[in-house]
Each structure stands twice: as structure tokens, then as C-alpha cells.
Amino acid sequence: MKILVIGSGGREHTLVWKIAQSKLCEKIFCAPGNGGIADIAECVQINADDIAGLLDFVKKEKIDFTIVGPEAPLAAGIVDEFRERKLKIFGPQKKAARLEASKIFAKELMAKYGVPTADFKIFSDPQEAYRYLDEVGAPCVIKADGLAQGKGVIVARDITEAKEAVKSILEDKVFGAAGQRLIIEDCLEGVEASILVFTDGKNVVPLASSQDHKRVFDADRGPNTGGMGAYSPAPVVTQKVFAEIIDKVINRTITGLSSEGITYQGVLYAGIMLTDSGPKTLEFNVRFGDPETQAILPRLKSDLLEVMLAISEIELSRIKKLEWDNRSCVCVVCASGGYPGEYQKGKEIIGLDEAAKIEDVIVFHAGTESLRGKGQGARVRYLTSGGRVLGVTGLGNTVKEAIDRTYQAVGKIHFEGMHYRRDIARRAL
Ligand code: AMP
Ligand code: GLY
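Residues numbered from 1 in each chain as written. Chains lettered and ligands numbered in written order. Predicted model: local features only at pLDDT ≥ 70, side-chain atom pairs only at ≥ 80, totals over all residues. Heavy atoms only, no water.

Peer 1: Account for the packing of helix α6 (residues 103–113) against helix α9 (residues 239–259), naming residues and giving values.
Peer 2: Packed helices, taken two at a time, are described by the angle their axes make and the gap between the axes. Between α6 and α9, whose axes approach to 10 Å, the crossing angle comes to 100°. Compared by their axis directions, α6 and α9 come out roughly perpendicular. Between α6, through Phe105, Leu109 and Tyr113, and α9, the contact on the second element is made entirely by Arg252, Thr253, Gly256, Leu257 and Ser259. The residue inventory of the contact of α6 with α9, partitioned by class, reads 4 nonpolar, 3 polar and 1 charged. (Axes fitted to C-alpha atoms, helices over the stretch in contact; angles between N-to-C directions. Helix = DSSP H or I, 4+ residues; strand = E, 2+ residues; numbered from the N terminus. Parallel < 35°, antiparallel > 145°, perpendicular 65-115°, else oblique. Contact = heavy atoms within 4.5 Å. Nonpolar A, V, L, I, M, F, W, Y, C, P; charged D, E, K, R; others polar.)

Peer 1: Break down the environment of Arg11 for me, citing the residues and quoting the values.
Peer 2: One can find Arg11 in helix α1 (residues 10–19). Distance from Arg11 to Phe288, taken between C-alpha atoms, is 7.3 Å for residues 277 residues apart in sequence. Look past the residues within four positions of Arg11 in its chain and what remains in contact with it is Gly69, Pro70, Arg287, Phe288, Gly289, Asp290, Thr293 and Gln294.

Peer 1: Help me get a handle on the packing of α1 against helix α11 (residues 304–312), residues and values and all.
Peer 2: Their axes nearest at 8 Å, the elements α1 and α11 cross at an angle of 100°. Between α1 and α11, the angle falls in the class roughly perpendicular. Taken together, the residues of α11 that come into contact with α1 (itself represented by Leu15, Lys18 and Ile19) are Leu304, Leu305 and Met308. Counted by class, the contact of α1 with α11 contains 5 nonpolar, no polar and 1 charged residues.

Peer 1: With reference to specific residues and values, describe the sheet that holds strand β15 (residues 229–232).
Peer 2: A sheet is described by the order of its strands in space; here 5 strands give the open sequence β12-β15-β18-β22-β19, paired in antiparallel fashion. What marks the edges here is a single partner per strand, and that holds for β12 (211–212) and β19 (361–365). As paired strands, β12 and β15 are joined by 2 bridges and run antiparallel to one another. Each bridged residue has a counterpart across the sheet, and for Gln211 the counterpart in β15 is Tyr231. Against the sheet, helix α13 (residues 399–410) touches β18 (328–335), β19 and β22 (388–396), its axis set at about 140° to β22. (Pairing = 2+ DSSP bridges.)

Peer 1: Describe empty space enclosed by the protein, with residues and values.
Peer 2: Per the counting criterion, the structure on display carries 2 cavities of 30 Å³ or more. Estimated volume of the largest cavity: approximately 60 Å³. What lines the largest cavity is simply Leu99, Lys103, Ala106, Lys107, Met110, Lys143, Leu282, Glu283 and Phe284. Counting only elements with at least two residues in the lining of the largest cavity, the list comes to α6 and β17 (278–285). Looking at the lining of the largest cavity element by element, the count peaks at 4 residues for α6. (1 Å grid on protein atoms, 1.4 Å probe; cavity = no way out; pocket = protein on both sides within 12 Å on 5 of 7 lines; lining within 4 Å. Points joined across faces, edges and corners; volume = space filled by probe spheres on them.)

Peer 1: Tell me about the site of ligand 1, and name the residues and values.
Peer 2: Close to ligand 1 lie 15 residues, the nearest being Glu185, Asp186, Leu188, Glu192 and Glu283. Leu188 places a polar main-chain atom, nitrogen or oxygen, 2.8 Å from a nitrogen atom of ligand 1. At 2.4 Å, a side-chain N or O of Glu192 approaches an oxygen atom of ligand 1. Here ligand 1 loses 89% of its free accessible area of 470 Å² to cover by the protein chains. At the level of elements, β7 (140–144), β8 (153–156), β9 (182–186) and β17 are the ones that each hand at least two residues to the shell around ligand 1. (Near = heavy atom within 4 Å. Polar contact = N/O pair within 3.5 Å; in protein donor to acceptor, adjacent residues only side chain to side chain. Areas by Shrake-Rupley, 256 points an atom, 1.4 Å probe, with all protein chains shown as cover.)

Peer 1: So what about the nonpolar core? Which residues, and what values?
Peer 2: Among the nonpolar cores identified, the biggest contains 76 residues, and Leu4, Ile78, Leu99, Leu390, Val392 and Ile413 are the most heavily contacted of them. The biggest single contributor to this core is α9, with 8 residues. Leave out the neighbours within four places in its chain, and Leu390 touches Val332, Val333, Cys334, Ile349, Leu352, Val363, Phe364, His365, Ala366, Thr368, Ile413 and Phe415. Of all hydrophobic cores here, the second largest spans 35 residues; its members include Cys25, Leu297, Leu305 and Met308. (Core = buried A, V, L, I, M, F, W, Y, C linked by side-chain atoms within 4.5 Å. Buried < 20%, exposed > 50% of the residue type's maximum accessible area, 1.4 Å probe, protein only.)

Peer 1: Give a detailed account of the site of ligand 2, specifying residues and quantitative values.
Peer 2: Taken together, Asp212, Gly226, Tyr269, Asn285, Arg287, Gly289, Asp290, Pro291 and Glu292 make up the full set of residues adjacent to ligand 2. Within the backbone of Gly226, an N or O atom sits 3.4 Å from a nitrogen atom of ligand 2. Contacts to ligand 2 include Arg287, whose side-chain N or O atom sits 2.9 Å from an oxygen atom. Computed on the free molecule, ligand 2 has an accessible area of 200 Å², of which 89% lies beneath the protein chains in the complex. When grouped by side-chain class, the residues that make up the shell around ligand 2 number 2 nonpolar, 3 polar and 4 charged.

Peer 1: I'd like a rundown of the pattern of salt bridges, residues and numbers included.
Peer 2: The full count for this structure, using the stated rule, is 33 salt bridges. Note that Glu306 is salt-bridged to Lys23, the shortest N-O span being 2.8 Å. Taken together, the positions of Glu306 in helix α11 and Lys23 in the loop between α1 and β2 (27–32) put the pair 283 residues apart, joining distant regions of the chain. Residue classification places Glu306 among the partly exposed positions, given a relative accessible area of 31%. Using a relative accessible area of 67% as the deciding quantity, one classes Lys23 as exposed. Salt bridges sharing common partners tie together Asp325, Arg327, Asp360, Glu401 and Arg405. (Salt bridge = Lys/Arg side-chain N within 4 Å of Asp/Glu carboxyl O.)

Encoded structure:
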């Protein structure tokens, strides 16, 4: 089969790496891809949100199956466009993608179908929101309704911070239309975990549990990022907790959507807070997590492409369960100096070959580009081109072994301004 993967991050490098191993995959393309993806797939310069451009390419190249990485094209309805033209694609339709594209849609669905989540109220009028904040006080969490590139959630420790967040969203419109409405919800305490499942809207096949590290600095200090590292499995997610999340969060959401006439086909990601009163849902994503995917897929032994095809045909019942490598997997993100704030690009990355020589280490690329010299045997140079640059990933028989191996590989890599957390997965020890 000819496959197209859409996206350009570490998640997409991992998807391409895994799918290229499938016996069903004859040729793989990635749009637009990155420097590392270009080593294993043919990259085509079409942006992930250029649906018309992607459709043209798929028809011209006779692509058999398209896999969508990021949320933006899903929220814009790429799956609906492809299906109308009888083109096979992996991902949820536009209506189902609202689970991520509208936090209000997700919260109302959860409330209606008994999915455990923090209590909340919806506001569009800033004055009403300020009055409510005076009533409930802090801490509380303010969430812009729409997609805000991971910046739309503010965990406010005091009332001033909470009011500032409301002002920036509803009055200053920092997120534009994504901030026409917002949610104010109770602040939950606990440990976070990411639970991803495959579903065709009828059957559910869970992936291994994982945990992300969202803050930029060690010990969870500093601003939120897209994710500075991840590990799988997450020992806090015991079998009992896992079963409870599948039952109360995943199954209720999928059957709830189905009662609303919406079939969810794809991967569903639930961000969970494990609280003293049980697991509560923080958010849904309608795609693979990044960097969770880098820590999960190296452990997957089953053929990912087979699973994705079964979902697109609403025949996930064909796949009884997934086979997993029992080892632990750790991914450490190497980021550009200044990230998640402003950063420079175009820094040469040194030591990638040395790192990749270490046993059971894979270096996934995110914000990189490659420069290929001319002629046979010419050297390839890799330059930074984004905030999160690499996801250095290692497997080990124990969490400790995976951590040591991964950091040994990180130690071989260098680019000007590179920074990374030194405590990824330590809480799993
Ligand atoms: P979200 O994009 O909704 O996952 O929010 C981003 C991050 O904000 C989460 O990973 C949590 O760390 C935090 N967060 C979101 N909602 C809450 C909540 N109700 N209580 C505490 N922290 C939260
Ligand atoms: N790692 C969090 C996310 O993918 O949204």
C-alpha cells in the first residue's frame, strides 16, 4: 500500500517509523515531514492544514491510506472531505473532532453522559465571569473554548491571576474566535496520566498508559509546553485504575457520542487527573499525544497499520488485543534555547549518529530540517527549525535502565542553546 502521514512533529516521525515496518506498507510519504522523517519517507512540501493540496496529492499519487497526525486538519474536517471522495483516511470526522476543538462541547457531553470531570460553568460575558470568580475564589482553572495551541488553559493560583486570564480571553481576545466563550472549572489535585485508545465507534482497544511532563523545567517548574518528555507504562495507572478509566471515561464518551449520532473513528486521548475521589477527565485530544507517542509506539509489537485500517473500515473487532513489549520506554525532549518562549532556528545538530549507536535508543526528530549534500556518500546535516527539536527515546528492562540509556544518548547530542529536563520519568522510580 502507498501511505501518506500528515504532520511534521516527533509524533509523526514515530508514526512514520512504526508504519514503515508494516508488511502492508510499500511506500510511505509525509506532508510536510521534517529532517528525520526525510531519512525514511518521501517528504512532500504540503502543509498539514492545506486540505485541498493534500487531496490533490493523494489523487495524483494514488495514495491508498492517509493518516492524520495533528488536530488542526481534523477540526477543519479533512476526514469528511476524504470520505466524500471515497478516499481512505485515519482519524475522527469533524463533528467528533469537536471533543478537542471545543472544550465546551466536551464538558457538556461529559456532563450529559456521566463522565467524571471537574465541575464547571460557561461564560461569554466578562462581568458575569468576574462576579462568579468573586463567589468561588481561587484556585480555579480558566479554559478558552477553542484551539489555542496548548496555551488556552490557565491554572490560576489566586483571584487576580484568574481575572487576568478572563480579561485576556474575553476582553483582549488573545485567542480570537477560540476565546468567544470560556470555562471556569474547579482545580483538581492529583497525578496526571494519558490514556489513549483505538476505537471505531463500537469497539475499544486501549494502548499502553503513559505520562507526559508539561512544564519546561525540572520538578514541574516554569511555564507549560507541548510536553518535555514522556514515559510508558505509567506505574500509577494500575490495572484497576485503568479499567475504571476505560469504563467511566472512554466507554461513556464513545457511547455518548454515538447517542448524539456521532461515530468516533480514530485514536482518542483522555488526559486524566488521578484524584483522591477517582480518575477525572481534564481534556480530550482527538489524535495521538506528543511526546506520549514517542514513548508508547516503540513498545507496540502489533502491526499499527493493520489496526488503523480496521478502524477506518469499522472492523476493529478483527483486532482482539495489541501485543506489547514489557520493557519501559522513556522519551526526553531536547528543545531550542528560549522555548516555550521565543527561540532561534538554524542551529546545527551534532552527535545524532553517536546517540543512535546506543542499543535500544531511537532519536525521533520534531523541529528539524536536513540539508543533503550532492553526490553519493555526501553528508547530511541537520538543523533546528522548531521549539521542540528532538525526542530522544530509549527502552530498558526497568524504568531506571530506560532513563540511564536515554540520558546517555542525550549526552551525545548538542546544538547551541539546547535544553532539556533532567528528571523525565524519575517519578516512576
Ligand atoms: P488541558 O489542555 O485541558 O489538558 O489542560 C492543560 C493542563 O492544565 C493539564 O494537563 C493540567 O495540568 C492542567 N489542568 C487542566 N484542567 C485542570 C483542572 N481542572 N485542575 C487542575 N489542573 C488542570
Ligand atoms: N502531550 C500533550 C498533547 O499531546 O496534547
